[in-house]
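Observations on chain architecture
Here are the chains, one letter per residue:
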Amino acid sequence: VRADLEPDEASFIIIGVSSVAAGVLLLTSLAPMLASVFGRAASITKRIGPVVPTALAYPLSTPFRTALTLGMFSLTVFSVVVLAGYSAQFETYSESFVDDVSGDFDILGTSTAWDRPLPLEGTPNEWDWPEDIGPDEFDGIGAVSLGVVRYADAENPEPFETERAHYLRGINTGFAEHGGLPLHIWDNSLGDDPNMVWRTVATNPNVCILDASFGMEFQGVEDEDSPFNQEPFSIGESIIAIDPENPSIHRELTIIGFLDEGSLWAAPGIWVGHSIVGEEFDARITRMYLSMPEGTTLEEKEEMAQRLEKGFIDAGMEVNGIETSVKEFQMIIFAIFDIFQSYLMLGLVVGIAGLGVVTIRAVSERVHQTGVLRAIGFQRRMVVGGYLLELSWISLLGILNGLVVGIGFHWYLYDKFWKDEGAAFTLPWVTLFSVVIG
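Note that the structure is predicted; figures quoted are calculated from it, not measured. (Residues numbered from 1 in each chain as written. Predicted model: local features only at pLDDT ≥ 70, side-chain atom pairs only at ≥ 80, totals over all residues. Heavy atoms only, no water.)

A look at empty space enclosed by the protein
Basically, it comes down to this: For cavity detection a 1 Å grid was placed over the protein atoms alone, and a set of points counts as a cavity when a 1.4 Å probe fits there but cannot get out; an open set counts as a pocket when protein lies on both sides within 12 Å along at least five of seven lines, with lining residues being those that have an atom within 4 Å of a point. Grid points are joined across faces, edges and corners, and a volume is the space filled by probe spheres set on the points. Helix and strand labels come from DSSP, where a helix needs a run of H or I of at least four residues and a strand needs a run of E of at least two; each type is numbered from the N terminus.
The tally for this structure, following the rule as stated, stands at 1 cavity of 30 Å³ or more. For the largest cavity, the calculated volume is near 90 Å³. Tyr58, Pro59, Thr62, Arg65, Thr66, Thr69, Val358, Thr359, Ala362, Glu390, Leu391 and Ile394 together form the lining of the largest cavity. Every element with two or more residues in the lining of the largest cavity is listed here: α3 (51-61), α4 (63-93), α10 (322-365) and α12 (380-418).

As structure tokens, then:
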């Protein structure tokens, strides 16, 4: 069954539930042997006498009820482990997002309206800077323009019939000279340094860099003809950018690189030189990237962002520190993970309450058995100890099963998705053992 499953949400549920169920079946089958060994241990028998075999006799005599209780704890702990592990793994993986989004830049200014392009034409010395700020305060300044185009594979026999559309972003020489944004792969014939690739884009009107969505199978859209389903490309292939309103305006571009995946949420698009988008596709400058000198603190960067926003208020520019913005975005995702994890913890509490209900029923249904035990010499503490041992045996086996299967499932996810991205295997061990001990 697993061999024919595609790696999606449904298959994860099937594999997870079946793995937990398999663990429960194994433990239910092995429990009699474990109980027998446990009960015959001399060191235990001397201390608590016949309490152990008596306590474990009832769970073994009702295997179906025992399996259900095991499964309840196993599934809840399994869910907590997988979600906590995924959250920790994503946190480790997303640490590179700041670099992916910013490159070597620290501050990003954006236009708040499409019909109000930023007054950043020409060199930075020609821009209309605020009175108390000048270009000399930065060690890197770049401008990026934005347009919208339809696109198609250059080998498509009818490229102008395409409905696929995407952003077209144009960079100036300042953006390229400061290193641009991190690249996942690029044309090695241009050099070992990605900076050479960005300089080529800024000066050569016939090449481009694509965001990561063009280089991977787009997730979430099943219809291959959907305009939201990005067409995959490779290094060296050609893509045609077409004006949405006038197909006679188009340009064939050779692909020489792909952006890192982390930049997708902030900088998707087809990246070309500014001269192309400005002259041919009526693009407008909507972004200003700024780099502060080395050694500048995060507080100083935030202060400069506020000064810039006040200075460019007439231009309608919104200015933010890139690192702060990315971390705020990450905090939202982590907060959602924490909410889900809290609900699962609540499920664990409900499971414990359910165990209490099972206990009450077990005691009330076994009044006669308890009376017999008392009649043959069992003391009160021995009877209570037997019930506690019975419950601990069931719940502990369920918790350990959920923990082990959850860790294995998390490794399966890591091996399937994170390993190829170069991420290290991560698990929040303190959280997991806190759940077990709790």
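Describing the layout of surface pockets
Where empty space is left can be seen by rolling a probe of water-molecule size over the atoms. Cut-off, in case you're wondering: Any residue that is not Ala, Val, Leu, Ile, Met, Phe, Trp, Tyr, Cys, Pro, Asp, Glu, Lys or Arg is counted as polar, Gly included; the first ten are nonpolar and the last four charged.
Reported here for the second largest pocket is a volume of approximately 270 Å³. Among the secondary structure elements, those contributing two or more residues to the lining of the second largest pocket are β2 (140-153), β3 (165-171), α6 (173-177) and α8 (274-280). For the lining of the second largest pocket, the per-class residue count stands at 10 nonpolar, 10 polar and 2 charged.

Remarks on the confidence of the model for the chain
We apply this condition: Every residue gets a pLDDT, meaning the predictor's confidence in that residue, from 0 to 100.
Across the chain, the average pLDDT comes to 81, with 90% of residues at or above 70. Mean pLDDT in the chain bottoms out at helix α2 (residues 42-48), which sits at 57, and peaks at strand β5 (residues 207-210), which reaches 93.

What to know about the side chain of threonine 370
Cut-off, in case you're wondering: Residues adjacent in sequence count toward polar contacts only when both atoms are side-chain atoms; beyond that, a polar contact is any pair of N or O atoms within 3.5 Å, and within protein one must be able to donate a hydrogen and the other to accept it. Whether two residues touch is decided by their heavy atoms; if any such pair falls within 4.5 Å, the residues are in contact.
Locating threonine 370 in the fold gives a position in helix α11 (residues 367-375). Polar contacts involving the side chain of threonine 370 include one to the side chain of tyrosine 387, which spans 3.1 Å. Excluding residues within four positions of it along the chain, threonine 370 makes contact with Val383 and Tyr387.

Observations regarding the pairing of β2
Filter applied, for reference: Buried means the residue's accessible area, taken with a 1.4 Å probe over protein chains only, is under 20% of the maximum for its type, while exposed means over 50%, and partly exposed covers the values in between. Strands are treated as partners if at least two bridges between them are detected by DSSP.
Of all 14 residues that make up β2, 13 are buried, and the element is covered over most of its length. Pairing of β2 with strand β9 (residues 284-291) involves 7 bridges; the strand directions are antiparallel. Bridged to valine 144 within β9 is arginine 287. As paired elements, β2 and β3 share 7 bridges and run antiparallel to each other. In the sheet register, leucine 146 faces β3, and the bridge partner there is arginine 169. Relative to strand β6 (residues 238-242), β2 runs antiparallel, the two sharing 4 bridges.

Focus: the environment of isoleucine 322
With respect to the element layout, isoleucine 322 can be found in helix α10. Each C-alpha atom of the pair isoleucine 322 and glutamate 155 lies 38 Å from the other, and the pair is 167 residues apart in sequence. The residues touching isoleucine 322, leaving out its near neighbours within four places in the chain, are Val101, Ser102, Phe105, Asp106, Ile107, Leu108 and Tyr289.

Quick look at the packing of α3 against α4
Note the threshold: Fitting a line to C-alpha atoms yields each axis, with helices limited to the stretch in contact; the angle taken between N-to-C directions then spans 0 to 180 degrees. Throughout this description, any angle smaller than 35 degrees is read as roughly parallel, any larger than 145 degrees as roughly antiparallel, any in the 65 to 115 degree range as roughly perpendicular, and the remainder as oblique.
As a packed pair, α3 and α4 sit with axes 5 Å apart at the nearest point and diverge in direction by 95°. Looking at the two axes, α3 sits roughly perpendicular to α4. Of the residues in α4, those in contact with Tyr58, Pro59, Leu60 and Ser61 of α3 are Pro63, Arg65 and Thr66. Looking at the contact of α3 with α4 residue by residue, the class counts come to 4 nonpolar, 2 polar and 1 charged.

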